[in-house]
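Coordinate analysis (summary)
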Amino acid sequence: MKGILPLSVGAAATGLLYREHSMRTTAERLSAATLETLLDAIDANDAETGAHVRRVATYALILGEAARLDEHTLNGIERVALFHDIGKLHGALTDIFHDPSKLTPEERRAVRTHPQRGADVLAPLSAFYPDLGKGVIAHHERWDGTGYPRGLKGKRIPLQARVVAIADSFDAMTHRRRYSHSRSFSEATRAVAEGKGTQFDPELVDLFLSPPVLKKIETAMRHAHMPRKKARGNRRRGETQPGPDITFRWRPRARGPRSPDRQP
Ligand SMILES: [Fe+2]
């Protein structure tokens, strides 16, 4: 009898651990599927925005990794970068964003609502990703406090949003859009330098402009502008991918340690 009790306690503990692991894996898959669905919805509505947010995520992660940020923060940066413009897909704004003519003052005011609209769309995910909405709403804030919608200043702007702001502006300058011509790589880096301490976090600007980071950004930029085949089998032949096929950090890994960020 003596050996039976410890054995059954051990078996029960193993069973519990297995159950917990399996529930966690299911939750990870569910949250990953939710994010991928959202990204698919962006692609389906506006492939140009889908490509833009992927490029922004790529640049933002290069900058975040250079700043030696921890994995939790990097995962947050990726999410904020990928969903920062989701508010542009609002019915009231899509026509404005797709109109190549110059914006009227009223349209400009409407455009400025997209960070709040994005945060509103993402609000149901706040229990799982509390930093996501806070980062998205702040991606047009400026270091000197003259940004929108809240006029946050300096380090009151979430770090994820400060990183994404640089990557977003850089991509907006280097990639041609309907209403603006693209600038060269060096013109765009000069503009980022000019925004140091006014538009952007000065420390992050210094890092962004450091030779190793610029080299990675330039390589990623060249890669992002190359047309490539879509990765998924269910997409039609010959279609090009909407943007760089970045390796999403939220995808559960087959092996290796679990990220502390994986929620819930
Ligand atoms: Fe934006």
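Reading the values: rules and limits
Along every chain, residues carry numbers that run from 1 in the direction the sequence is written. This being a predicted model, a pLDDT of at least 70 is required before a residue's local features are given, and a value of 80 or more before pairs of side-chain atoms are given or counted; all residues contribute to the totals for chains, interfaces and linings. Side-chain measures were taken over the full set of non-hydrogen atoms in the model, leaving aside hydrogen atoms and water. Only DSSP runs of H or I reaching four residues or more are called helices, and only runs of E reaching two or more are called strands; each is numbered from the N terminus. To estimate the expected span of a helix, count its residues, drop one, and scale the result by 1.5 Å. Accessibility here uses a 1.4 Å probe with only protein chains present; expressed as a share of the type maximum, an area under 20% marks a residue as buried, one over 50% as exposed, and anything in between as partly exposed. As used in this record, nonpolar core signifies buried Ala, Val, Leu, Ile, Met, Phe, Trp, Tyr and Cys residues forming a set joined through side-chain atoms within 4.5 Å. We call an atom a donor if it is N, O or S and sits within 2.8 Å of the metal, or 3.2 Å for Na, K and Ca. Water is not counted, so some sites may look partial. Under the classification used here, a metal with four donors is tetrahedral if each angle lies between 85 and 135 degrees, square planar if opposite donors are over 155 degrees apart and the others between 65 and 115, a six-donor metal meeting that same test is octahedral, and anything else is irregular. Salt bridges are identified by distance alone: a Lys or Arg side-chain nitrogen within 4 Å of an Asp or Glu carboxyl oxygen. Axis angles are defined between N-to-C directions and span 0 to 180 degrees, where every axis is a line fitted to C-alpha atoms and, for a helix, only to the segment in contact. An angle counts as roughly parallel when it lies under 35 degrees, as roughly antiparallel when it exceeds 145, as roughly perpendicular when it falls between 65 and 115, and as oblique in every other case. Handedness of a crossing is defined here by the sense of rotation of the near helix relative to the far one, left-handed for an anticlockwise turn of less than a right angle and right-handed for a clockwise turn. The contact definition used throughout considers only heavy atoms, calling two residues in contact when any of these lie within 4.5 Å. Each residue is assigned to one class: nonpolar for Ala, Val, Leu, Ile, Met, Phe, Trp, Tyr, Cys and Pro, charged for Asp, Glu, Lys and Arg, and polar for all the others, Gly among them. Each C-beta atom gives one direction from the helix axis, and the arc is the one those directions make.

This part takes up helix 8 (residues 159–174). The end-to-end C-alpha distance of helix 8, which contains 16 residues, comes to 23 Å, matching closely the 22 Å that a straight helix rising 1.5 Å per residue would cover. When you tally the buried positions in helix 8, you get 14 out of 16 residues, the bulk of the element.

Moving on, we come to the nonpolar core. Formed by 46 residues in total, the largest nonpolar core has its most connected members in F83 and F170. Elements supplying a minimum of two residues to this core: helix 1 (4–45), helix 2 (47–66), helix 3 (71–83), helix 7 (130–137), helix 8, helix 9 (185–194), helix 10 (202–208) and helix 11 (211–224). Examining the composition of this core, we find that eight residues originate from one element, helix 2, more than from any other.

Looking now at the coordination of the iron ion. Coordination of the iron ion by the protein involves D85 (OD), H114 (NE2), H139 (NE2) and H140 (NE2), with metal-donor separations of 2.2 to 2.5 Å. Geometry at the iron ion is irregular, judged from the four donor atoms that bind it and their angles of 87 to 179° at the metal. Sequence positions of the residues that donate to the iron ion give the spacing D-x28-H-x24-H-H. H140 sits in the partly exposed class, given a relative accessible area of 24%.

Turning our attention to the pattern of salt bridges. Pairing between side chains of opposite charge can happen when their charged atoms approach one another. One pass over the full model with this rule turns up seven salt bridges. For R54, the salt bridge identified is with D43, shortest N-O distance 2.9 Å. Residue R54 is found in helix 2, and its partner D43 is found in helix 1; the two are separated by 11 residues along the sequence. Under the relative-accessibility criterion, D43 is labelled buried at 13%.

Here we come to the packing of helix 3 against helix 7. Taken N-terminus to C-terminus, the directions of helix 3 and helix 7 make an angle of 50°; their axes are 9 Å apart at the nearest point. Overall, the two elements helix 3 and helix 7 adopt an arrangement that is oblique. Remark: the crossing between helix 3 and helix 7 carries right-handed chirality. In this structure, helix 3 contributes H72, R79, V80 and F83 to the contact, and helix 7 contributes D131, L132, G135 and V136. Class assignment for the residues of the contact of helix 3 with helix 7 results in four nonpolar, two polar and two charged.

Here the focus is helix 11. For helix 11, which comprises 14 residues, the first-to-last C-alpha distance of 20 Å matches the rise-based estimate of 20 Å (1.5 Å per residue) to within 8%. Those residues of helix 11 not exposed but buried are V213, L214, I217, A220, M221 and A224. Within helix 11, the buried residues cover an arc of 130° as seen down the axis, which keeps them to one side. Exposed residues pointing more than 90 degrees away from the buried face of helix 11 are listed as P211, P212, K215, K216 and R222.

Any functional reading would require information beyond the geometric quantities listed.
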